[in-house]
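Residue-level listing of the chains:
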Amino acid sequence: MLLIDLVEKYYSIIECKKTDGISNKIKQLEWIKIGKEFNSFNTHMERDFNSLKTLWENLKKKAKAVITAMNTNKYATGGGPYRTVKEDQIIERVIPIIKKELRVLITFTTQMLLQQVLNQLQVQVRETAVVPVSQN
């Protein structure tokens, strides 16, 4: 699908987590560029960038739902038959793109938690180093 190819090409910009005014303007300009490129290949009907952006958001939601269903089936207990997830070639192309985003998010969250633990340990070490131990 052409839209997925274009999104993958500009992914680092349009899915940037920054939300300040400049970043939002850059994202909007990239979506406009995606719309122009999409319409240059598409001869049937012209689409505006907002409809393409909405389509991408819907594809991401469906891909995340499929990932969740696969993980639920993978770790399900209680017996019963294995529930298969309906295969969709378009969603299959979106999932690797989304997984990159999820890996980065998980790595970032893990690093944040690790930093918090290290900060707490340093505070505890400093507090115990300052307080003299009484010897009775």
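Scroll up a little and you will see the structure.
One structure accompanies this document, and this report is about it. (Residues numbered from 1 in each chain as written. Predicted model: local features only at pLDDT ≥ 70, side-chain atom pairs only at ≥ 80, totals over all residues. Heavy atoms only, no water.)

Turning our attention to the pattern of salt bridges. Within this structure, the stated rule accounts for five salt bridges. Across the salt bridge formed by Asp5 and Arg93, the nearest N and O atoms sit 2.4 Å from each other. Of this pair, Asp5 sits in helix α1 (residues 2-9) while Arg93 sits in helix α5 (residues 89-130); the two residues are 88 residues apart in sequence, bridging distant segments of the chain. A residue is classified by how much of its surface remains accessible, and Asp5, at 38% relative accessible area, is partly exposed. The closest approach of N and O atoms between Lys33 and Glu30, which form a salt bridge, is 3.4 Å. Taken together, the residues Lys33 and Glu30, both in helix α3 (residues 21-41) and three residues apart, mark about one turn of the helix. Lys33 sits in the partly exposed class, given a relative accessible area of 36%. Look at Glu30 and you get buried, because its relative accessible area is 10%. When salt bridges with common partners are traced through the structure, they connect Glu15, Glu57 and Lys60 into a single cluster. (Salt bridge = Lys/Arg side-chain N within 4 Å of Asp/Glu carboxyl O. Helix = DSSP H or I, 4+ residues; strand = E, 2+ residues; numbered from the N terminus. Buried < 20%, exposed > 50% of the residue type's maximum accessible area, 1.4 Å probe, protein only.)

Attention now goes to a nonpolar patch on the surface. Side chains of Met1, Leu55 and Ile90 sit close together on the surface and give an oily, nonpolar patch of about 220 Å² of accessible area. On the secondary structure map, Leu55 appears in helix α4 (residues 49-75). (Patch = residues over 30% accessible without salt bridge, like charges linked within 9 Å, V, L, I, M, F, W, Y side chains within 5 Å. Areas by Shrake-Rupley, 256 points an atom, 1.4 Å probe, with all protein chains shown as cover.)

The next thing to look at is the environment of Asn39. Tracing the backbone shows Asn39 in helix α3. The buried category is assigned to Asn39, whose relative accessible area is 18%. In this structure the C-alpha to C-alpha distance between Asn39 and Phe49, which are 10 residues apart in sequence, comes to 9.6 Å. For Asn39, the contacting residues outside a window of four places in its chain are Met45, Glu46 and Arg47. A polar side-chain atom of Asn39 sits 2.7 Å from the main-chain carbonyl oxygen of Arg47. (Contact = heavy atoms within 4.5 Å. Polar contact = N/O pair within 3.5 Å; in protein donor to acceptor, adjacent residues only side chain to side chain.)

Geometry only, nothing functional implied.
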